[in-house]
Structures are given as structure tokens and as C-alpha cells.
Amino acid sequence: MQEMRPDRKKSIPFILIFLVVFGIMNIMVYNRFMKQQVTEVGYNVFMKMIDEKKIKEASITSSQIVFKDESGEMFKTGLMEDSDLYERLYQSGATFGAEIVEPMNPILYYGITFGIQILLIIIVWRFVMRRITKKMGDDPDMLSFSMGGRGKGTGRIYVKSKNDVRFKDVAGEEEAKDLLSEIVGYLHNPEKYTEIGATLPKGALLVGPPGTGKTMLAKAVAGEADVPFFSISGSEFVQMFVGMGAAKVRDLFKQAKEKAPCIIFIDEIDAIGKKRDASLSTNDEREQTLNQLLSEMDGFEGNTGVVILAATNRPESLDPALLRPGRFDRRIPVELPDLKGRVDILRVHAKKIRISENVDFDTIAKTAAGASGAQLANIVNEAALKAVREGRKVVQQDDLMESVEVVIAGYQKKNKILSNKEKLVVSYHEVGHALVAAMQTHSAPVTKITIIPRTSGALGYTMQVDEDEHNLMNKTEILNKVATLTGGRAAEELIFNEISTGASNDIEQATKLARAMVTRFGMTDEFDMVAMEVVTNQYLGGDTSLACSPETQTKIDHMVVEIVKEQHAKAREILQQNVQKLHEIAKHLYENETITGEEFMEILNSSENTLLGGQTE
């Protein structure tokens, strides 16, 4: 690897600034401490001051007399023939004989001190530059390519170190690793590909939800290829002054070409790669930066050995010119991990902590369905923290299960106390969800019911875990899920003949599912397979917007209301038919605050009937 040296020419402005600052400070010091005025007076004034005994010190030379008064002010006068001069000075109490040195000429003094300061600045500057250069050459983990001038980049370049990220450190994304392994192979052995006429892919775009490991995959490519890895965020190109972002792009690619073969990784590329609009402004900084990026990516010659990796969770917002082959030849999805991927990720992170041998990662992975790699790493860490809080040195299964709930619903709010009435309502509400789910064929089995408040705001929740991984949901499954979501409110209506605010989140989710059935999934006879809704930002929660006439929107609203009402009635009917079990399970939950799926099924399958608090239909 070539040694990376700071550009000394670009250090000249800083040296000049130092010199100006030191000069100003020097003038201030001179005016305050060094500068003294010597007042030239006539010999008669000198004689008068002797008579008035105002002279404190005097120095007589062959050509002049220099003297000071009591305040220290300095005077001088010409020498005249005066035989009694020394006697009068003695009688006045003045000190004389020692030479009084006149102050140095201000211009001469400033010139000498300024020259000394220039010399000191040069010495210090050379010392600092040598230390920086030595540090950049010796650091095995990171070299910062310093951008001294305006418009320079602030990227970081990672080179080989003892703690390299490799593909084995990235679990749950096997397809993405397979696609990226070809890039690694090309960087290792380009002749193998050039023999057949293949060229190195210029770029690969990693797309997926936050926390799925896009940045780690890019680092793993650099670690496997054993080449320099330039890392920079898209937001670092965005500058207030027009042209600065483009200059940063030019400098980044210049550095990369000098260190080829290498990898450039641009995180959150949507910050500079957004689609260009029809704005009349031709001086837009973001657009100029994008144009420069497009030019640099297209300007590489055949086999320069520079590969560009970029990551984003908003691929739909990127400019088409940026996505075309020749710039980004590959689009690599980095999706949420499946069941096997979650197990692998948990095992990778579990190696970093002390963990019990009997931990069942499959059960934890099923419970954490839909979690990203970052969330799974957080689950393992939360489990370790819980073990430490409880004074144990080994993480157990219960710690991991509790940490899943912490990530999903937040910590337990131990200081939040529910009244007996509220606790009773929450018990029936949560059991209503669980009972409706259990009585429907296509609903996921209940694994836990709790009425302990959480920091997310939930006063309780029912956890359901699918036995198998599902990628598709049919109409019946969606309707059953809507019915399960309405089960809590249905239980409140059935038992208390009253409703509470506890179903707000259930209502939101049920409405969202019912609307998706009508507008996106084509599950109604009215609209058949016509899409009435457009989804954007699919990796950031999925914002939706209707794409239909106002009249059609009115029909959609009516259909959504009908679907939710039908499933609400269905849930109420299920609970009506199993009201004794509702009382029995709610009683057990009220007394214990938390029950497991096994306890729930045991009570559900038993023949005992017990009423809670004398409540009846």
C-alpha cells in the first residue's frame, strides 16, 4: 500500500493564519509591557527637576543625559558643560552612574520577534506533520485521509487488522454473501474472469430494512478481499456551499484510484442520490454532487480495481441514472432473516457471552419473528445484562425469552400499579385475544399472556408464535387475525357491557389489515385484482397513499368497516360460546399476572368452570 502523506501545499493557509494571530498577539504584548516613550526635554527642564528633587535615576554619557523621574517615565537631554552637575544630582538624592538602556526601536523589536515566531511555527508544524504521517502509516485498523482544504472528503479507510469482519461473522444473509463473494473472487484473482472476457462489476447496491447488516456485509467484503476499504456516509457530501460536495466526490475517487484495488462504501446513498426533479434552479448543491458522482462512476477505465458498494433503505427514491448497469450492476436485497437466519445470528452473538448449554435457540428465534439482525444482537445483550442484574454469571433460557419481550414491548413497569378494576378489565381483554385465537384453526398458538404493564405503553399483551415460517397469508388467515385483534374489545363488551381505551392499538392494526385486503391484496369481489393503494418506503414501515377517485375511496371505507364489523361479531360469538372458559382463564391470569401457553391450553382443555368476581354474561 502506498504511504498516504498530508499535502503540505494545502497547509500554507493555516501557517499564514498562525502568523497573523501570533503577530497580533505580539503587538498587544509589546504595547502593554514593552513599549516606553523617551521624551526629549531641554537642559533647563533637567535642571529644574534636579532642584525639585524629581529625578530618581540618571545616566550621563559623552553626548547626552538619560534620566527617569519618580514615576519611571524616561527623558533625555543634551550634555552641557556643568562642573556642579554631579554634586547637585547627589544632593537631590538621584542615583547616577549606571547606564540606562533606551527601549529598542519598535520596528526592529517587532521584526526580530516576528522572525523568531516564524521559525518556531515552522519547527512545530514540521513536527506535527511528521507525527500525523507516522500515525497514518502505523495504524493497522484505520487510516484517515485528511482533507485539509475546503471541499475535501471526510471518509475513512479501513485496512487489514486483527479484528477484520469476515463473511463468517455475518449470519442470516447467505444469498447476499453468495452474490458478494464473486466480487471478492474478482479482486483476489481478476485473471480468472478476464480470460473469458468478464469485467469487474463496478458497483453493488445493498437494499433492505434498517439493522439487517448492510454495512457489516460491505466490511466483510473488504475483509475477505484484503483490500483498502473507503467508508463514507452520503450525508457527508452535502455541503452548504455549492460545489463543495462535488469536490469531495472528486477527492474520494482520486484517493481510491491511487489505492486500487479497493472498495468504496457509501452508506445511506439516498442522501445524495435522490431523483432529480424539474426544478428551474441550475445551482443546486445536491444535484451537482449527484452529477459528479455519476461522472466518476462512469469515468473508470476497464479494470481499475475499484468497486463501489452502497447501502440504502429507500431504493425507490434513487435517480434512475444512478441505478443503471455500468454504475450499479447488482442490486442485492438484504432482507429480514428467516427462522434459520435468526438462529444463526443468535448463535454468532451468543459466542460473545457466557451462555448455558441447554439454551434452545430455535424457540427464541420463533418468538423473535420479524426481528432484524441488530434487534437479535440487542436481545442477546439484554439477556446478558439481565443475568448480571440478577447476580448470575451465565445467561439462561429465561433471560433470552425475557429479553425478546423487552425488545418487542419494553421493560416491565414495576412501579405502575393498576387498580383492581383495571386489572380485571385487562385480564379479560388479553384472554379475549387468546381465546379467539385458540378457537380458530389458522391462528398462531398462544405462548404467553401477561397483564404486567410495559414501557411501550401496553398494559398487557398476548404473545402468539407460529410453529412454521410463513411467507404468504391467505384470506382466511387474515380474517382470523382481524377477529383475534377484535377479541379483546369483544370480551370487554361481553363481560362488562362497557368498552375502554385499551383496544386502540388493536383497532389500528385490524383496520390496516382490512384496508390492505381491499386496496392491495385484491381479496374483494368489488374491485377484483385492481390496486387502489400505492406503497412507498417499503423498508421504512411502508407509507401508503390511495390512487383512486373520491367515490372509490368512499366505497373502500364502507368495505373496510364491514370487514372489521363482521370479524368483531365473529369474535364476540366465539367468546359467547366459551364464556365459562373466558371466566376461568381470566381468573387465573388475574391472580398470577402471567401465564404460559402450556398453562393456557391446560385450563382451556379442562372441564372445571369457575367464575371470576361473580361476573356473568
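Notes on the structure in this doc start here.

Cut-offs applied
Starting from 1, residues in each chain are numbered consecutively following that chain's sequence as written. Residue-level local features of this predicted model are given only where pLDDT is at least 70; pairs of side-chain atoms are given and counted only at 80 or more, and the full residue set underlies all totals for whole chains, interfaces and linings. Hydrogen atoms and water are omitted, and side-chain values are computed over all heavy atoms in the structure. Labels follow the DSSP assignment, with helices taken as runs of H or I lasting at least four residues and strands as runs of E lasting at least two, numbered in each case from the N terminus. Relative accessibility decides the category of a residue: with a 1.4 Å probe and only protein chains considered, values under 20% of the type maximum give buried, values over 50% give exposed, and everything between is partly exposed. We call two residues in contact whenever any of their non-hydrogen atoms come within 4.5 Å of each other. We define a salt bridge as a contact between a side-chain nitrogen of Lys or Arg and a carboxyl oxygen of Asp or Glu at a distance within 4 Å. Side-chain rings of Phe, Tyr and Trp (the six-membered ring for Trp) are treated as a pair once their centres are within 6.5 Å; stacked means planes under 30 degrees apart, edge-to-face means over 60, and tilted covers the remaining angles. Two thresholds decide whether a charge sits over a ring: the Lys NZ or Arg CZ must be within 6 Å of the ring centre and within 35 degrees of the ring normal. Think of each axis as a best-fit line through the C-alpha atoms, taken over the contacting stretch in the case of a helix, with angles from 0 to 180 degrees between the N-to-C directions. Each crossing is labelled by how the near helix is turned from the far one, with a counterclockwise turn of less than a right angle marking it left-handed and a clockwise turn marking it right-handed. Under the scheme applied, nonpolar residues are Ala, Val, Leu, Ile, Met, Phe, Trp, Tyr, Cys and Pro; charged residues are Asp, Glu, Lys and Arg; polar residues are all the others, including Gly. We call a set of buried Ala, Val, Leu, Ile, Met, Phe, Trp, Tyr and Cys residues a nonpolar core when their side-chain atoms join them within 4.5 Å.

Attention now moves to the side chain of glutamine 567. In this structure, glutamine 567 sits in helix α18 (residues 550-577). We classify glutamine 567 as buried; its relative accessible area is 6%. When sequence neighbours within four positions are dropped, the list of residues in contact with glutamine 567 reads Leu479, Val482, Ala483 and Thr486.

One pass over the full model with this rule turns up 16 salt bridges. We note a salt bridge from lysine 386 to aspartate 399, for which the minimum N-O separation is 3.1 Å. One end of the pair, lysine 386, is in helix α13 (residues 373-389); the other, aspartate 399, is in helix α14 (residues 397-409), and 13 residues separate them in sequence. In this structure, a network of salt bridges that share partners links the residues Lys386, Glu390, Arg392 and Asp399.

Looking at where arginine 347 falls in the secondary structure, it is placed in helix α11 (residues 339-350). For arginine 347 and phenylalanine 361, which are 14 residues apart along the polypeptide, the C-alpha to C-alpha distance reads 7.5 Å.

Turning our eyes to something else, we now look at the packing of aromatic side chains. The final tally for this structure, using the stated rule, is three aromatic pairs. Ring centres of tyrosine 428 and phenylalanine 496 lie 5.6 Å apart, and the angle between their planes is 90°; on these two criteria the pair is classed as edge-to-face. Taken together, the residues tyrosine 428 in helix α15 (residues 420-438) and phenylalanine 496 in helix α16 (residues 475-496) connect sequence positions 68 residues apart. With respect to class, tyrosine 428 is no different from phenylalanine 496; both count as buried. Above the face of the tyrosine 590 ring, lysine 423 is positioned so that its terminal group lies 5.2 Å from the ring centre.

Trans is the common state for peptide bonds, and a negative phi is the common state for residues other than glycine. In this model, aspartate 528 sits at a positive phi of 55°, which is unusual for a non-glycine residue. The backbone of glutamate 593 shows a phi angle near 70°, a positive value even though the residue is not glycine. Position of glutamate 593 relative to the elements: it lies in the loop between α19 (579-592) and β17 (594-596).

Okay, the side chain of asparagine 578 next. Within the fold, asparagine 578 resides in the loop between α18 and α19. Under the relative-accessibility criterion, asparagine 578 is labelled buried at 17%. Apart from residues no more than four positions distant in its own chain, asparagine 578 is found in contact with Leu435 and Met439.

Let's shift gears to the packing of α19 against helix α20 (residues 597-605). The contact between α19 and α20 brings their axes to 10 Å, and the two run at 145°. Of the two possible hands of crossing, α19 and α20 adopt the one that is right-handed. Residues Lys581, Glu584, Ile585 and His588 of α19 form the contact with α20, whose own contacting residues are Glu599, Phe600, Ile603 and Leu604. Looking at the contact of α19 with α20 residue by residue, the classes come out as four nonpolar, one polar and three charged.

Turning our eyes to something else, we now look at the nonpolar core. Core analysis: the largest hydrophobic core is formed by 31 residues, its most contacted members being Leu575, Leu582, Ile585 and Phe600. Those elements that place two or more of their residues in this core are α15, β13 (446-450), α16, α18, α19 and α20. The element contributing the most residues to this core is α15, with nine residues. Non-local contacts of isoleucine 585, meaning those with residues more than four positions away in its chain, are made with Val431, Leu435, Ile595, Phe600, Ile603 and Leu604. Of all hydrophobic cores here, the second largest spans 26 residues; its members include Leu206, Val221, Val227 and Ile263.

Any functional reading would require information beyond the geometric quantities listed.
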